[in-house]
Amino acid sequence: MGRLFSLLILGALLYFAWPFLTNEKDVQNINNEINKIKENPELRKALETVNSGINQLLWKLDEKKEELTKDEQNLLPKVAKPELETPSEKTFTIHNIGIGDAKGEVEKQLGGPKRVSVNEYGTEWHAYHENFQNFILVSYSKDGVVNALYTNQDLIAAKNGLKYGASKETVRQTLGEPLGEIRKGLVYYQFQKDQDYDVYQLDDSYVTVFYDKHRNNSVAAIQIVSEKLEQSKAGFYTEASEALKEGFEYQLFDLTNASRRVHGLGVLEWDDQVRVTARKHSADMAENSYFSHTNPEGQSPFDRMEEDDIAFSVAGENLAYGQFSSIFAHEGLMNSLGHRENILKSDFKLLGVGVAFGPKHEPYFTENFYSKRMF
């Protein structure tokens, strides 16, 4: 009998740096205090407990923020939501599209993609949306058949009645207990029990339901991957390449804007200049085996941006490490309050994303947000 191995997913492998957001001169002192908390497990645990206790209040504040930003949302043309049809055969469809549908039929309905980028499965995500409304990612097999889908918007239909915004409790009551592990060959990939998503095996596919813990653990996104495609991905991480690096960068950018549209905010503009800054920091972390907003030379994100001649009035940085895709990185960042605030900050206008890979092909993600200084 072959030797079996067990790996923990989304446990110690997955990390998020505390977000960086300020335009004050004392940013370094603030960061030092944050680092002290991070290094003290008791303080960190206490902080997590406090955060959990005030989630409901923050959810209400988030709703209020959305109300106050409706004017900005109205600056973009509104796009009607499609009429979702209850699937008769598949458990879930997204934008009335299911695994196994033909590419020609998809594009007859959605038109051409806004972006095509390499993903962790060795295929490509085709991003379809209108000003990041009705946002959906679709992957196709070599013969032009849908083999993966994702959305973080209200485009989910299910024959069992589950919808976008359903509670975690309702999902589990309807679908049962989620998977505790996935087997690939002789390797069992085990899921941590307290993760913010559930994985189910349905209709010859793996369905990942992501929850927003700041909105009562409601369904915030869904990813559907055919079993054949999932099993074709041999390891936890995909072998690093320039195409995958660029794919992860643009995917994280698109996911960020799709989330902003859900929350009533305008979209961010891609910025090549700050992408260079973000890439250099990700590469530095990967090459020197550290994970921090402050690099070994003591530079903050603002120091690095100023060094690259980026004039900003307000700026912020999000870091993530160890997630095997931009989707999992983004969903994790959205469930971390500080990172979520950066993603949903109305003052930001520009974003650049930089990715680099460590020695085991593990990705380091850096998001640099800012608005230009006008003088």
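Residues numbered from 1 in each chain as written. Predicted model: local features only at pLDDT ≥ 70, side-chain atom pairs only at ≥ 80, totals over all residues. Heavy atoms only, no water.

J.: Kindly report on the overall build of the protein chain, identifying the contributing residues and their values.
T.: Across its full length, the protein chain carries 12 helices and 17 strands. The burial tally for the protein chain puts 52% of its 375 residues in the buried class. For the protein chain, restricting intrachain contacts to residue pairs at least 6 apart in sequence, the fraction spanning at least 24 positions comes to 67%. Split by element, the accessible area of the protein chain, about 17700 Å² in all, is 50% carbon and sulfur. (Helix = DSSP H or I, 4+ residues; strand = E, 2+ residues; numbered from the N terminus. Buried < 20%, exposed > 50% of the residue type's maximum accessible area, 1.4 Å probe, protein only. Contact = heavy atoms within 4.5 Å. Areas by Shrake-Rupley, 256 points an atom, 1.4 Å probe, with all protein chains shown as cover.)

J.: Describe the environment of D272, listing the residues and the values that go with them.
T.: In this structure, D272 sits in helix α9 (residues 272–288). Relative accessible area serves as the criterion here: at 46%, D272 is assigned to the partly exposed category.

J.: Break down the sheet that holds strand β5 (residues 124–130) for me, citing the residues and quoting the values.
T.: Taken in spatial order, the seven strands of this open sheet run β4-β5-β6-β7-β13-β12-β11, and their pairing is antiparallel. A strand with exactly one partner marks an edge of an open sheet, and here the two such strands are β4 (115–118) and β11 (197–202). Recorded for the sheet is a direction-independent mean angle of 20° between the axes of neighbouring strands. Packing against the sheet, helix α8 (residues 242–262) makes contact with β4, β5, β6 (133–140) and β7 (146–151), and its axis sits at approximately 130° to β4. In this fold helix α11 (residues 326–334) packs onto β5, β6, β7, β11, β12 (205–212) and β13 (218–226), with an angle of close to 25° to the strand it touches most, β12. (Pairing = 2+ DSSP bridges. Axes fitted to C-alpha atoms, helices over the stretch in contact; angles between N-to-C directions.)

J.: Report on helix α6 (residues 168–175), specifying residues and quantitative values.
T.: Within the span of α6, buried status applies to K168, V171 and L175. Buried residues of α6 fall within an arc of 60° about the axis and therefore sit on the same side. Pointing more than 90 degrees away from the buried face of α6 are the exposed residues E169 and Q173. On the buried face of α6, the contacting elements are β3 (92–94), β11, β12 and β13. Immediately beyond the C-terminal end of α6, within one or two residues, lies G176, with a positive phi of roughly 90°. (Arc of directions from axis to C-beta.)

J.: Lay out unusual backbone geometry with the relevant residues and their values.
T.: For residues that are not glycine, phi is negative in most cases, and the peptide bond is trans in most cases. Positive phi, normally seen in glycine, also occurs at H95, with a value near 55°. Summarising the element assignment, H95 is placed in the loop between β3 and α5 (103–110). Classification of H95 as buried rests on a relative accessible area of 7%. One non-glycine residue, D203, lies in the positive phi region at around 55°. Overall, D203 belongs to the partly exposed group, its relative accessible area being 43%.

J.: Any chance you could break down the nonpolar core for me, citing the residues and the numbers?
T.: Within the largest apolar cluster, 47 residues are counted, with the highest numbers of intra-cluster contacts made by F135, L137, Y150, F210, I327, V353 and F365. Top contributing element to this core by residue count: α8, with seven residues. Residues within four places of F365 in sequence aside, it is in contact with F248, L252, S282, N318, L319, A320, Q323, S325, S326, A329, G354 and V355. Core analysis: the second largest hydrophobic core is formed by 26 residues, I99, Y140, L175 and L202 among them. (Core = buried A, V, L, I, M, F, W, Y, C linked by side-chain atoms within 4.5 Å.)

J.: Provide a residue-level description of the pattern of salt bridges, including the pertinent values.
T.: Applying the stated criterion across every chain, the model contains 13 salt bridges. Between D254 and R115 there is a salt bridge; the shortest N-O distance is 2.8 Å. Within this pair, whereas D254 is found in helix α8, its partner R115 is found in strand β4, the two being separated by 139 residues in sequence. The buried category is assigned to D254, whose relative accessible area is 4%. Under the relative-accessibility criterion, R115 is labelled partly exposed at 23%. The shortest N-O distance in the salt bridge between R275 and E249 comes to 2.8 Å. Separated by 26 residues along the polypeptide, R275 in helix α9 and E249 in helix α8 bring together distant segments of the chain. Connected through shared salt-bridge partners, E249, D272, R275 and R279 make up one network. (Salt bridge = Lys/Arg side-chain N within 4 Å of Asp/Glu carboxyl O.)

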